Amino acid sequence: EAACLGDEPLSLLLLESRANPEQRNLQNQRAEDLAKAANFPDLAKLLGSSHWLEKLATAPAPEPERRSAPNGHAPRGRGPPALRQRCEEKEVPLKLLGQLAAADLLKEMDRWQQLPLEELCSECEEQGVGCEGDLQALEREELEVRLKLLRIWRLLPLQALQDECRDKASRVVQQMSSDNGTVLTRDELTEALCVATWGGLTKSQLISKRCAERGIPDDKLQDRSRAQHVLQEFERLEQLPYAELAALYKSRGFAYVDQLDRESLVKGLKEYVLYQEMSLSHLRSVCKEKDLAMKGEHRRADLLKLLVAESWHTYDIPVLKLPNLLVAQGLLDQIQGFSKKDEAQLRVKLRRCQLPVEKSASVSKLLSRLRRHLVWAQMSVEDLEEECRSHDLHWTSVEQAEHRRQMVGMVHASSSHKKELLQLLHDWLSVEMLESKGISVKLLGREAALAIFMEVERLESMPRSFLEEEYAMLGMPNEPKLDNNELISRLKQVLMWSQLEVDQLLEQCQDRQLQVQHTLKLCEEEKRQIFLDKLIMSLGVDGWEKQGIPVSRLSSLDCALNIVEELNRLEEATDKEVKDMYKLLGLPKEAGVDRTAMISRLKHYLIWQDLRPSELRKECLKHNLSAAGSIEELITKLLLKTCGFVVEEPQTIPDWGFQPPPRQEKKTPAPTPNGKVAAAFYQLGLDVTARQDEVRRAYRRLALQHHPDKNPHLQEEAAKKFQQITSAYETIMAHLKLAGHG
């Protein structure tokens, strides 16, 4: 025990049986004082006793065990001369170690000689003998030498050990000191000697290597010495069963669901261990990289909460705004239970909670609304107010709330205020649903927007034929290429426009760059109808432009309607009918013109006929043709050029008997109708000389006004009136068609 103190004078004092307890060493310290300083209280107490020398002097010396020598003689004495001789033979520094330590080392060396090779190798591994290669490949003698040197280094006084390191391991000591940033301890000095003598890595280097293999940034930890703890925790987590992992995962505050696999649990817990041991500056950097709501006063515990709360974001649960983790986990379990239900069950649950439900909503959208409802119910009033502010929602002013608290009591007032906030958020869910359908609540108002939403829901459940009839009621041409979604979108847009005031309709026309003139002397209802007609006609502009109809270059929107109708008629016509119409163009005969080419040329003719004169001349210049001549001459030149015929300028164009195909005459009034047709005109509030576009507008206005769905309280009367209007419209259109206007 004295030799372990690392002080040679003290060891000599204690080994001398008749030493004076008051004898002092070179630093003028007594043996008792040195024992206390070295934290050996029992030894200090023994040295301070005045009777220990007497007991030591009077105590009989134990007789050594008598053993016969191999040659029959008694063994030689084991006194100091024998010990000195043996130390010299084994190269043991007796002077540095002292008799007691040297004797123990010799005994250990004898024991090592008796061990089998495998046990000797195990002994080397336990003692931490450094080696770059495999210990099994070393000779027995080499292993014993290494064990002896390691034991000597551990028994050397501190000063002697430092001198040994200075001679043999200065580079390793310097590197370890720079890594640790502190003065090396006895064990670290011994480790440096092992590495310098036999090669290999220090413990710090081995830990850094293992950290690199596991992806642990040991340079970001609070202290590199904590890297070993992190590695041990990682290994412990990898050995835990799933049940213990799940319990630990929950206790750390993570969001746990049954679908989480073992790998995810271990990964999350490893990250938590790493965050616990990471330095505060690096922990802040991690939070900043993850874009977390970090504040300057946040300490380590607050940052850990933010990082753990990130696992709840996957399920859209603001865990930091809930009362505690138990409530958050209960909400998560509820939501997971709802996710296992079918769509019908979810709709029933939402209706019970008085939440909005649309027919086309997906399961994920329904779950999202239900989750928000459950989370809001658990939030505090302050957090609910913050949630309302984030959605630009306004509630009762602070003064009114304070007055209400004074009137009905603090508890009841707080409960009433929370109900008000929850109702605001539920209303916002309805607004969000309407906005997702493209229905502007801000423009229409909540009640009107909900009515339009119900009508759109009805349209989405209707067949294609019904949608086409509704679209035709607007006076729009039949467009077979339109899909159902586009048809419903246009009908929805008309429904929204029908709810707007005159000023709002005018703004809509201006936003769409529609020209509205000569409306100052008209009444509000007439203005409204004109603006609505303009907007309805503009619905098909984008689609018609995609079909190659330059609406902006035509004389009017009515021209575009006529072109669309003619093209639809061509698409539905038989091959013989298309050929007959193509012959009316009077073009020279040519072989190999198929149906597609004929329809394309007829389409060009229809467009050129309704182009504004200036646009028609631009079209001629675009095809390198002269822009001089009448409208018919310009159209003829364009037809010849696009068909591949040579047009010589400026000679007179030959007359091939060109005649336009049969189509509507837009401004020629119909002949005087009979009594039934005249009554139909009267039914629609029109003069018998009204044109086809005027008939369409009148029918559309009356049909929208008297449609049964628009008059839920007068269903029978509205249905009867609607049938009369539809019959009158069909009678007039049949009359105009027979008269050559349809």
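The rules we used
In this numbering scheme, every chain counts its residues from 1 along its sequence in written order. Residues qualify for local features only when their pLDDT is at least 70, as the model is predicted, and side-chain atom pairs are given and counted only at 80 or more; totals for whole chains, interfaces and linings, by contrast, use all residues. Remark: hydrogens and water are excluded; side-chain values derive from all non-hydrogen atoms of the structure. For this document, the term salt bridge refers to a Lys or Arg side-chain nitrogen within 4 Å of an Asp or Glu carboxyl oxygen. Secondary structure elements are defined from DSSP: runs of H or I of at least 4 residues count as helices, runs of E of at least 2 residues count as strands, and each element is numbered from the N terminus. A 1.4 Å probe rolled over the protein chains alone gives each residue an accessible area, and that area as a share of the maximum for its type sets the label: buried under 20%, exposed over 50%, partly exposed in between. Contacts are residue-level and defined by heavy atoms, with any inter-residue pair within 4.5 Å sufficient. Whether two aromatic rings pair depends on their centres lying within 6.5 Å, for rings of Phe, Tyr and Trp, where Trp uses its six-membered ring; planes under 30 degrees apart make the pair stacked, over 60 edge-to-face, and the rest tilted. The arc in question is the one traced by the directions running from the helix axis out to the C-beta atoms. Exposure above 30% relative accessible area and the absence of a salt bridge qualify a residue for a patch, where like charges join within 9 Å and nonpolar side chains (Val, Leu, Ile, Met, Phe, Trp, Tyr) within 5 Å. Surface accessibility follows the Shrake-Rupley procedure with a 1.4 Å probe radius. Residue values consider only the protein chains on display as shielding. Here Asp and Glu are counted as negative and Lys and Arg as positive; His is not counted, and neither are the chain ends. Where a charge sits is defined by one atom per residue type, namely NZ (Lys), CZ (Arg), CG (Asp) or CD (Glu). The definitions used throughout rest on a 1 Å grid laid over the protein atoms alone, on which a cavity is an enclosed set of points accommodating a 1.4 Å probe that cannot get out and a pocket is an open set flanked by protein within 12 Å on both sides along at least five of seven lines; lining residues are those having an atom within 4 Å of a point. Grid points are joined across faces, edges and corners, and a volume is the space filled by probe spheres set on the points. Each residue is assigned to one class: nonpolar for Ala, Val, Leu, Ile, Met, Phe, Trp, Tyr, Cys and Pro, charged for Asp, Glu, Lys and Arg, and polar for all the others, Gly among them.

### Digging into the pattern of salt bridges
Right, on to step 1. Counted according to the given criterion, the structure contains 32 salt bridges.
Right, on to step 2. With its nearest N and O atoms 2.8 Å apart, the salt bridge here joins Glu108 to Arg111. On the criterion of helical spacing, the pair formed by Glu108 and Arg111 is a turn pair, its members being three residues apart in helix α7 (residues 99–114).
Right, on to step 3. The exposure class of Arg111 is partly exposed, given its relative accessible area of 33%.

### A look at the environment of Ile207
Right, on to step 1. Tracing the backbone shows Ile207 in helix α13 (residues 203–214).
Right, on to step 2. Ile207 gets classed as buried once you look at its relative accessible area, which sits at 17%.
Right, on to step 3. Sequence separation between Ile207 and Leu231 is 24 residues; the distance between their C-alpha atoms is 8.3 Å.
Right, on to step 4. In contact with Ile207, not counting residues within four places along its chain, are Ala227, Gln228 and Leu231.

### Side note on the packing of aromatic side chains
Right, on to step 1. Evaluation of the coordinates by the stated rule reveals three aromatic pairs.
Right, on to step 2. With 5.5 Å between their ring centres and 40° between their planes, Trp153 and Trp198 make a pair best called tilted. Placement of the pair is Trp153 in helix α9 (residues 140–155) and Trp198 in helix α12 (residues 186–198), with a sequence separation of 45 residues. By the burial criterion, Trp153 is buried, and Trp198 matches it.
Right, on to step 3. Judged by centre distance (6.1 Å) and plane angle (75°), the ring pair of Phe254 and Tyr272 falls under edge-to-face.

### Let's talk about helix α35 (residues 613–622)
Right, on to step 1. Burial in α35 covers these residues: Glu615, Leu616, Glu619 and Cys620. Along α35, the residues classed as buried sweep out an arc of 150° about the axis, all on the same side. Projecting away from the buried face of α35 at angles above 90 degrees are the exposed residues Lys618 and Leu621.
Right, on to step 2. If you follow the buried residues of α35, they end up packed against α34 (595–610) and α36 (631–642).
Right, on to step 3. Within two residues after α35, Asn624 carries a phi angle of roughly 60°, on the positive side.

### What about a negative patch on the surface?
Right, on to step 1. On the surface, a cluster of negative charge is contributed by Glu501, Asp503, Glu507, Asp511 and Glu524.
Right, on to step 2. In terms of residue count, helix α29 (residues 502–511) provides more of the negative patch than any other element does, three residues in total.
Right, on to step 3. Positionally, Glu507 belongs in helix α29.

### Quick notes on the layout of surface pockets
Right, on to step 1. Taken as a whole, the largest pocket holds about 1,000 Å³ of empty space.
Right, on to step 2. Taken together, 33 residues make up the lining of the largest pocket; nearest its centre are Gln515, Asp533, Lys534, Met537 and Leu557.
Right, on to step 3. If you list the elements that add at least two residues to the lining of the largest pocket, you get α30 (524–538), α31 (541–546), α32 (557–572) and α38 (692–706).
Right, on to step 4. When residues of the lining of the largest pocket are assigned to their parent elements, the largest contribution, eight residues, is made by α30.
Right, on to step 5. Of the residues assigned to the lining of the largest pocket, the class counts are 10 nonpolar, 10 polar and 13 charged.

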